[in-house]
Amino acid sequence: MPKDKVALVTGVSRGIGRAVVLALAAAGARIVAVGRNREGTESLVEELKAQGTEALAIVADVSQADDVERVFSEATAAFGRIDILVNNAGINRDGLLLRMKEEDWDAVLDVNLKGAFLCTRAAAKIMSKQRYGRIINISSVVGQMGNAGQANYCASKAGLFGLTKSNARELARRNVTVNAVAPGFIVTEMTDSLPEKVKEELLGQIPMERFGTAEDVAAAVAFLAAEQTGYITGQILGVNGGMYM
Ligand code: NAP
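Everything in this summary refers to the structure shown in the same document. From a predicted model like this one, the values you see are computed outputs, not experimental measurements.

### Regarding the overall build of the protein
Broken down by element type, the protein carries nine helices and seven strands. Its C-alpha atoms give the protein principal-axis dimensions of about 50 × 35 × 35 Å. For the protein, the proportion of its 245 residues judged to be buried stands at 50%. The contacts in the protein between residues at least 6 apart in sequence include a share of 70% that link residues at least 24 apart. For the protein, the accessible surface area stands at approximately 11,800 Å², while carbon and sulfur atoms represent 51% of it. Across the protein, the mean location of the 27 positive side-chain charges is 8 Å away from that of the 28 negative side-chain charges.

### A word on unusual backbone geometry
The backbone of N175 shows a phi angle near 65 degrees, a positive value even though the residue is not glycine. With respect to the helices, strands and loops of the structure, N175 is situated in the loop between α6 (151-171) and β6 (176-183).

### Things to note about the layout of surface pockets
In this structure, the second largest pocket spans a volume of roughly 240 Å³. A65, V68, E69, F72, L118, R121, A122, K125, I126 and K129 together form the lining of the second largest pocket. For the lining of the second largest pocket, the leading source of residues is helix α4 (residues 102-130), giving six residues. Classifying every residue of the lining of the second largest pocket by side-chain character gives six nonpolar, no polar and four charged.

### Quick look at the site of the ligand
Around the ligand sit 29 residues in total, of which S13, D61, N88, Y153 and T188 are the nearest. Between the ligand and the protein, one listed contact pairs an oxygen atom with a side-chain N or O atom of R14 at 3.0 Å. Residue N37 places a side-chain N or O atom 3.5 Å away from an oxygen atom belonging to the ligand. For the ligand, the accessible surface in isolation is 890 Å², of which the surrounding protein chains cover 95%. Mapped onto the shell around the ligand, the elements with two or more residues apiece are α1 (15-26), α6 and α7 (189-192). The element best represented in the shell around the ligand is α7, accounting for three residues. For the shell around the ligand, the per-class residue count stands at 13 nonpolar, eleven polar and five charged.

### Details of the nonpolar core
Residues L8, V32, F72 and L85 are the most contacted members of the largest nonpolar core, which totals 39 residues. It is α4 that provides the largest number of residues to this core, a total of nine residues. Contacts of V32, omitting those with residues within four sequence positions, involve V6, A7, L8, V9, L56, I58, A75 and F79. Of all hydrophobic cores here, the second largest spans 30 residues; its members include A29, A55, V86 and V181.

### A short note on the packing of α4 against α6
At a minimum axis separation of 8 Å, α4 and α6 run at an interaxial angle of 15 degrees. Taken as axis vectors, α4 and α6 run roughly parallel relative to one another. Crossing of α4 against α6: the hand is right-handed. Contacts between α4 and α6 involve D104, W105, V108, L109, N112, L113, A116, F117, T120, A124 and S128 from the former and A151, N152, Y153, A155, S156, K157, G159, L160, L163, N167 and L171 from the latter. For the contact of α4 with α6, the per-class residue count stands at 13 nonpolar, seven polar and two charged.

Conventions and cut-offs
- Residues numbered from 1 in each chain as written.
- Predicted model: local features only at pLDDT ≥ 70, side-chain atom pairs only at ≥ 80, totals over all residues.
- Heavy atoms only, no water.
- Helix = DSSP H or I, 4+ residues; strand = E, 2+ residues; numbered from the N terminus.
- Buried < 20%, exposed > 50% of the residue type's maximum accessible area, 1.4 Å probe, protein only.
- Contact = heavy atoms within 4.5 Å.
- Areas by Shrake-Rupley, 256 points an atom, 1.4 Å probe, with all protein chains shown as cover.
- Lys, Arg positive; Asp, Glu negative; His and termini not counted.
- Charge placed at Lys NZ, Arg CZ, Asp CG, Glu CD.
- 1 Å grid on protein atoms, 1.4 Å probe; cavity = no way out; pocket = protein on both sides within 12 Å on 5 of 7 lines; lining within 4 Å.
- Points joined across faces, edges and corners; volume = space filled by probe spheres on them.
- Nonpolar A, V, L, I, M, F, W, Y, C, P; charged D, E, K, R; others polar.
- Near = heavy atom within 4 Å.
- Polar contact = N/O pair within 3.5 Å; in protein donor to acceptor, adjacent residues only side chain to side chain.
- Core = buried A, V, L, I, M, F, W, Y, C linked by side-chain atoms within 4.5 Å.
- Axes fitted to C-alpha atoms, helices over the stretch in contact; angles between N-to-C directions.
- Parallel < 35°, antiparallel > 145°, perpendicular 65-115°, else oblique.
- Left-handed = near helix turned anticlockwise from the far one by under 90°.

Here is the structure:
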């Protein structure tokens with residue numbers, strides 16, 4: 001990845017987002033780190049600066065249109081361009097369908113799907129003008145398979161596939177690629193809280209017989225963010241140890 005590329009990643013304070021930022025920085029990108037959590041976002045940027053990476057922290061909630069507008073104007077004011085967008089910010093509010101509250105449905109769809117839409121719309125404007133861009137949406141294997149107790153989360157992640165493919169078709173002639181990465185079970189704070197019994201059952205479904213790491217996902221994102229992979233668009237790249245093929 002050439003040194004002048006600017007990567008904007010959302011949801012960076014921990015887990016997959018943090019690993020993605022570190023992988024893209026290691027590949028030579030300048031970083032715009034966007035997170036809701038001020039301390040986590042700013043400390044990551046301090047870490048990047050200490051290792052010689054140009055980076056900017058922006059505290060924002062991706063589900064809020066005003067915040068997203070501010071993110072992209074601050075980012076372009078600082079760096080003049082955005083080459084890579086990684087829509088990683090995501091939440092879950094699990095519960096069985098009959099007990100699922102409307103606010104839990106709305107909260108998950110607002111962050112996971114609307115947040116990606118808002119960021120993509122803002123980025124697409126800049127990338128179309130540049131005639132260059134890489135957009136990567138972090139979906140999930142459960143968007144492909146479904147999962148009991150996660151109707152809202154699975155719907156949001158399956159929605160990202162439709163968003164990815166439609167945007168890929170619209171932006172292809174501007175040399176902007178749009179792809180999704182669908183991680184399987186990755187060890188992060190999001191999955192820490194699952195009961196041991198559920199974790200054991202999940203492990204039994206993974207041919208590689210291990211859970212994934214945030215770095216496994218980051219490697220797939222870095223691949224799709226590279227200049228050399230510009231003929232790949234509208235695809236879903238599974239990072240799931242063979243759990244879903
Ligand atoms: P995580 O540890 O919970 O981290 C999520 C990150 O997103 C946090 O930094 C969080 O910041 C941020 N965030 C949440 N809502 C936000 C918002 N509205 N605006 C800005 N930032 C926000 O989760 P993770 O496991 O790393 O997951 C990252 C992505 O991968 C998510 O989209 C998730 O759905 C997806 N994924 C994860 C797995 C897995 O097994 N872990 C599997 C498949 C897909 P705060 O500190 O503010 O909450």
